[in-house]
Amino acid sequence: MQANWSIGDFNFYRDYLSALVKDDYLRNTQSLTMTFSGALTLTDLNDFISPSQACIKPVQQSNSEVPEPGGATTEIRIDSSGGYYEVSSSQTQRKLEQAQISLNDCLACSGCITSAESVLITSQSHAEVLAFLAANENKAVPVISIAPQSLASLAASLPASVTLHQVLRRVRTFCKEALGFAHVFDITFARHVSLKEHVREFEERRQASKLPMMASACPGWICYAEKAHSEMLPYISRTKSPQQVMGTLVKYWLGEKWEKRPNEIYHVTVMPCYDKKLEASREDFRNEEYATRDVDCVITTGELDLMMRDKGWDLSVPVIGESDDEEDDVFPTLLQHPGSSSGSYLQAIVNHVVKTWPVPLEASVKIVRNADFEEYTLQERDEGKIVFKGAKCYGFRNLQNVVRKVGKGDGLTGRRKARKEAERGYDYVEVMACAAGCVNGGGQLKRGEGNREWTKEVEGAYWRSGRTTEEGIADELALEVMGQELEFRTQYRAVESDVIGTAVKW
Amino acid sequence: MTSYKIHCVAELSAHDDRVWDVSWNPNEPLLASCSADKNVRLYNYSRTEAGKVKVSLYHTIPTGHTKTVRAVGWSPSGKTLATASFDSNIGIWEQEDGDSEWECVGTLEGHETECKSVGYSNTGTLLASCGRDKTVWIWEVLPDSEFECVSVLMEHTQDVKCIAWHPSEEILASASYDDTIKLYIDDPSDDWYCFSTLTGHTSTVWSLAWSPTHHYLASGSDDRTIRIWQRIEGHKWENVLILEGHERSVYSVSWGRGNGKAAEGEEYIGWLASVGGDGVIRVWEVTEEKGKAKARKMIEKKGSHGVHDVNSVRFCGREGWETVLATAGDDGIIRVWEIAG
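Where an unreviewed UniProt entry is consulted, chain B appears under the name Probable cytosolic iron-sulfur protein assembly protein 1, with the organism given as Amanita muscaria. Comment text from UniProt for chain B, heading Function (unreviewed entry), reads "Essential component of the cytosolic iron-sulfur (Fe/S) protein assembly machinery. Required for the maturation of extramitochondrial Fe/S proteins." Listed in UniProt under the heading Sequence similarities (unreviewed entry), the comment for chain B reads: "Belongs to the WD repeat CIA1 family."

Per an unreviewed UniProt entry, chain A carries the name Cytosolic Fe-S cluster assembly factor NAR1 and comes from Amanita muscaria. Under the UniProt heading Function (unreviewed entry), the entry covering chain A gives this text: "Component of the cytosolic Fe/S protein assembly machinery. Required for maturation of extramitochondrial Fe/S proteins. May play a role in the transfer of pre-assembled Fe/S clusters to target apoproteins." On record in UniProt, under Sequence similarities (unreviewed entry), the comment for chain A is "Belongs to the NARF family."

The following block contains the structure:
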């Protein structure tokens, strides 16, 4: 760069260069501000992965001028009001646009991980649900499906005598009477189908020697693996999560029964997790022909709670007949899947192995580091031969350890690589991104600072079903829907980054 | 008052690009350095019979890191070296036996972007790292160079520049572009947590160093000052001194035992060295009078790396070498200095 420097310029330039080189240059760039609505403000979340320091998207300006080799033709100046100007060599100034970041930008970029929360606010929120219902005029059948973990979160703030089933009845009454939903389901039957498909896939992979298989129900984990650990993708089960199985059942199976096209049903889910919004937005779950998604809108437990407050609905007041047995609306309600409050994926696999193994097996459980990381081993009772090794692994830090264990140790030399290859690995891992699993999801109700105590209460409430639904009925119906031409599998793709981390090449 | 002089005893121009960090092996006569040229270099040092310090290049580790190696740190045993790289990985290096090559026995992945600093705890059972992704990671060191992630701390709101383990307790400190210093301890029934946030610096905190007496923490900042924080009680740390003089960012601070003496009625704490963008090495003698910290500037060495920034300063911790320190500069040079009274 040719220029006449004054000492002052030199010092400025030196400081600037030094800041750039020492990687402290971000002080000079505008930080990205994201607006969180009250209900969506995340607090006290152990395992939340926050957006990157600076989204790199704003600095990707297309520059039509071809710069001279080795010569900087423009610089960026900041005026007193904080506006950014691009100044070219001919001293003409152009005010730079404020960066606009869309969900697609976020999905296509590995600059941040799980920043879905801030981006999805406007496209999937309870306000969007209310707006849709207000403008609907009976054109689409409004359906809402609720996760049992969300019901548990609501139940935990009520007296312990109130069961999950009673909470479901109260929420159902609210959704029908106050909001105008035609059908209110819980999502456990979809999970029943998902678990069966999951077991079927495990068996396929075992026969093809493609183990371990890792759970696919947690969108935080999927998102993280796609962006940061693409080497894990072949191991992740391709079975749809309960939410997306529900999407398929509502839009296509029920749609056919009701003689409705997919876009004539408006499907909302209530989830313990923000990242479920991201999952529902995946292009795999969108029908181009009808321009509709399998799940149109995902709201969190917190947002459902907010809607009840806004409408003056008191969940502590019983509704008529809430303890009576009732005829199921299409799907069996509140199926308990014993194992974990995050969906019992490992337990389903364990049950399957025990049931199908030719000789009796004995199970043992070992806590690896904390309650969020447990190993399950199945041994032949007589011979002692280990036939299955699985793990339950929750939370970001444990997830790192599973990734290390399952990974093949690329880049290692000599001794350690050999040792790693000799180890017996896992056959199955139930992975969840949140510590304590889905009952502690980012979308759950929050209570004060004592997050752990509160999570225990939610866990307790989760298992107070108040009703036992015959699994036989569920199995029969599951068999029926799984015999239809419905798609219960999906796919993943590595998000390659051309812009990882920093725009500066070192 | 003794007057001190500093003189350069060795100049090592072994790197092809800016040198970011140096680290003295706690047990062996070895000095490690790392650079933007992606290599780590190891040097032997000894004294001649006349007492002259001799330093010579002994080994180069082509790390395989794909970007700058930003920091190096030895385990307390001196048998393992950790590297932190802008390629977002931590490398773990060991020799099978004393004569063999240094080989990579493990990599720790997890940071999303540039890794800035790495360090072993005093017992060597824990390893911490930090980076531009605002996180601080703690790993448990298991046998056979195996590691398990025990915590990912997301307390800082900006780039984390540096971590430093307390010399005798499991207390971890981190310093950030968010101008704060955070202190962490383990809750054995749960996870590590931040028990204190030290505020006062008005710009990026670049570097941290615990005193040899364990009850002071020094921090160097882009605000051109060094702050000294004292342990008032248990887990309460307070700023007790602000050292001024640097004309540009303070990039690195190091606390050594030195061989100074306290005046009557005072406790001797140690020597504190600082370097930064102004190219000056400053050394303070820190003492304590009735529990109150005092610092006296004993050395001001201008142009220590010519016109270049000095990125790192480290006192040697080994016995008999307390007056020796090393600096690393943007000029690609490592200088070893000795302070004499």
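Our focus in this paragraph is the UniProt feature "repeat: WD" (unreviewed entry) in chain B. As annotated by UniProt and renumbered to match this structure, "repeat: WD" (unreviewed entry) occupies residues 12-53, 62-103, 108-141, 153-184, 198-230 and 325-341 of chain B. Its end C-alpha atoms 11 Å apart, residues 108-141 of chain B is made of 0% helix and 56% strand.

On to the nonpolar core. Proteins that are soluble and globular tend to have nonpolar side chains buried together. Counting 59 residues, the largest nonpolar core has Met 214, Trp 221, Phe 388 and Tyr 428 of chain A together with Ile 92 and Leu 127 of chain B as the members making the most contacts within it. At six residues, helix 12 (residues 345-356) of chain A tops the list of elements feeding residues into this core. Ile 92 of chain B has contacts with Thr 80, Leu 81, Ala 82, Glu 103, Cys 104, Val 105, Gly 106, Leu 108, Tyr 120, Leu 127 and Phe 147 of chain B, leaving out every residue within four places of it along the chain.

Residue and element names in this part refer to chain B. Mapped onto the secondary structure, Leu 12 falls in strand 1 (residues 5-12). For Leu 12, a relative accessible area of 9% puts it in the buried group. Separated by 269 residues in the primary sequence, Leu 12 and Ile 281 place their C-alpha atoms 17 Å from one another. In contact with Leu 12, other than residues within four places in its own chain, are Tyr 43, Val 55, Gly 332, Ile 333, Ile 334 and Val 336.

The next thing to look at is the sheet that holds strand 19 (residues 216-221) of chain B. Residues and elements named next belong to chain B. Pairing in this open sheet of four strands is antiparallel, and the strands run 18-19-20-21 from one edge to the other. In this open sheet, the two edge strands, each paired with only one partner strand, are strand 18 (205-210) and strand 21 (236-243). In this sheet, adjacent strand axes meet at a mean angle of 25° when their direction is disregarded. Of the strand pairs in this sheet, strand 20 (residues 226-233) and strand 21 are connected by seven bridges, and their pairing is antiparallel. Bridge pairing in strand 21 places Arg 227 opposite Ile 242.

Per the counting criterion, the structure on display carries 43 salt bridges over all chains. Of the charged contacts, one joins Glu 148 of chain B and Lys 405 of chain A as a salt bridge, the two residues approaching to 3.7 Å between their closest N and O atoms. In this pair, Glu 148 of chain B sits in strand 13 (residues 146-153) while Lys 405 of chain A sits in helix 13 (residues 396-406), so the two residues belong to two different chains. Taking relative accessible area as the criterion, Glu 148 of chain B reaches 11% and is therefore assigned buried. Take Lys 405 of chain A: its relative accessible area is 36%, and that puts it in the partly exposed class. One salt-bridge network, in which partners are shared between bridges, spans Glu 197, Arg 200, Glu 204 and Arg 489 of chain A.

Moving on, we come to the sheet that holds strand 4 (residues 39-47) of chain B. Residue and element names in this part refer to chain B. Read across the open sheet, the four strands follow the order 2-3-4-5; overall the sheet is antiparallel. Each edge of the open sheet is held by one strand with a lone partner, namely strand 2 (19-24) and strand 5 (53-62). For this sheet, the mean inter-axis angle between neighbouring strands, taken without regard to orientation, is 25°. As judged from the five bridges shared by strand 3 (residues 30-35) and strand 4, these two strands associate in the antiparallel manner. Considered in strand 4, the bridge of Leu 31 is made with Tyr 43.

This paragraph deals with the pairing of strand 7 (residues 80-85) of chain B. Residues and elements named next belong to chain B. Summarising burial for strand 7: six of the six residues are buried, a large majority. By the alternation rule, side chains of strand 7 split into Thr 80, Ala 82 and Ala 84 and Leu 81, Thr 83 and Ser 85, which are all buried. In this sheet, strand 7 lies alongside strand 6 (residues 69-74) in antiparallel orientation, the contact comprising five bridges. Within strand 7, the residue paired with Gly 73 across the bridge is Ala 82. Of the strand pairs in this sheet, strand 7 and strand 8 (residues 90-95) are connected by five bridges, and their pairing is antiparallel. From the neighbouring strand, Thr 83 faces strand 8, where its bridge partner is Gly 91. The loop that links strand 7 with its antiparallel partner strand 8 comprises four residues; one of these, Ser 88, has a positive phi angle of about 80°.

What follows covers the packing of helix 6 (residues 164-179) of chain A against helix 11 (residues 301-310) of chain A. Residue and element names in this part refer to chain A. Interaxial distance between helix 6 and helix 11 falls to 11 Å at its minimum, and their mutual angle equals 55°. Between helix 6 and helix 11, the interaxial angle falls into the category oblique. The two elements helix 6 and helix 11 meet at a crossing, and its hand is left-handed. Taken together, the residues of helix 11 that come into contact with helix 6 (itself represented by Val 171, Phe 174, Cys 175 and Leu 179) are Leu 304, Met 307 and Met 308. Among the residues making up the contact of helix 6 with helix 11, the classes are represented as seven nonpolar, no polar and no charged.

This brings us to the confidence of the model for chain A. Any segment with low pLDDT has predicted coordinates that should not be analysed in fine detail. Residue and element names in this part refer to chain A. Across chain A, the average pLDDT comes to 79, with 70% of residues at 70 or higher. Under a pLDDT of 50 for its full length, residues 98-117 has, in the predicted model, 50 contacts with residues more than four places off or in other chains. Between residues 498-506, whose pLDDT stays under 50, and residues either more than four places distant or in other chains, the model counts 19 contacts.

Another point: helix 11 of chain A. Residues and elements named next belong to chain A. Of all 10 residues that make up helix 11, seven are buried, and the element is covered over most of its length. Burial in helix 11 covers these residues: Thr 301, Gly 302, Glu 303, Leu 304, Asp 305, Met 307 and Met 308. The inward-facing, buried residues of helix 11 abut helix 4 (126-136), helix 5 (148-156), helix 6, strand 7 (265-271), helix 10 (275-280) and strand 10 (297-300). Positive phi appears at Gly 312, one or two residues downstream of helix 11, with a value of about 70°.

Here the focus is the state of the cysteines. Residues and elements named next belong to chain A. For the structure shown, the criterion picks out zero disulfides over all chains. Cys 175 supplies the cysteine sulfur nearest to Cys 297, a cysteine that is in no disulfide, at a spacing of 13 Å. Assessed through its relative accessible area of 1%, Cys 297 is described here as buried.

All right, on to the packing of aromatic side chains then. All names here are of chain A. Under the criterion given, the structure shown has 21 aromatic pairs over all chains. Measuring from centroid to centroid gives 6.1 Å for Phe 202 and Phe 388, while their planes differ by 70°, and the two rings are edge-to-face. Placement of the pair is Phe 202 in helix 7 (residues 188-207) and Phe 388 in strand 13 (residues 386-394), with a sequence separation of 186 residues. With a relative accessible area of 0%, Phe 388 lands in the buried category. With a centroid separation of 6.3 Å and 80° between ring planes, the pair formed by Phe 202 and Tyr 428 is classed as edge-to-face. Within this pair, whereas Phe 202 is found in helix 7, its partner Tyr 428 is found in strand 14 (residues 428-432), the two being separated by 226 residues in sequence. For Phe 202, a relative accessible area of 0% puts it in the buried group.

Residue and element names in this part refer to chain B. Mapped onto the fold, Thr 197 is located in strand 17 (residues 192-198). In this structure the C-alpha to C-alpha distance between Thr 197 and Ile 92, which are 105 residues apart in sequence, comes to 30 Å. Residues contacting Thr 197, with those up to four places away along its chain left out, are Thr 180, Ile 181 and Lys 182.

Procedures and definitions
Residues numbered from 1 in each chain as written. Chains lettered and ligands numbered in written order. Predicted model: local features only at pLDDT ≥ 70, side-chain atom pairs only at ≥ 80, totals over all residues. Heavy atoms only, no water. UniProt positions renumbered as here; feature names shortened; annotations may be inferred. Helix = DSSP H or I, 4+ residues; strand = E, 2+ residues; numbered from the N terminus. Core = buried A, V, L, I, M, F, W, Y, C linked by side-chain atoms within 4.5 Å. Buried < 20%, exposed > 50% of the residue type's maximum accessible area, 1.4 Å probe, protein only. Contact = heavy atoms within 4.5 Å. Pairing = 2+ DSSP bridges. Axes fitted to C-alpha atoms, helices over the stretch in contact; angles between N-to-C directions. Salt bridge = Lys/Arg side-chain N within 4 Å of Asp/Glu carboxyl O. Parallel < 35°, antiparallel > 145°, perpendicular 65-115°, else oblique. Left-handed = near helix turned anticlockwise from the far one by under 90°. Nonpolar A, V, L, I, M, F, W, Y, C, P; charged D, E, K, R; others polar. pLDDT = per-residue confidence, 0-100. Disulfide = S-S within 2.5 Å. Phe/Tyr/Trp six-rings, centres within 6.5 Å; stacked < 30°, edge-to-face > 60°.

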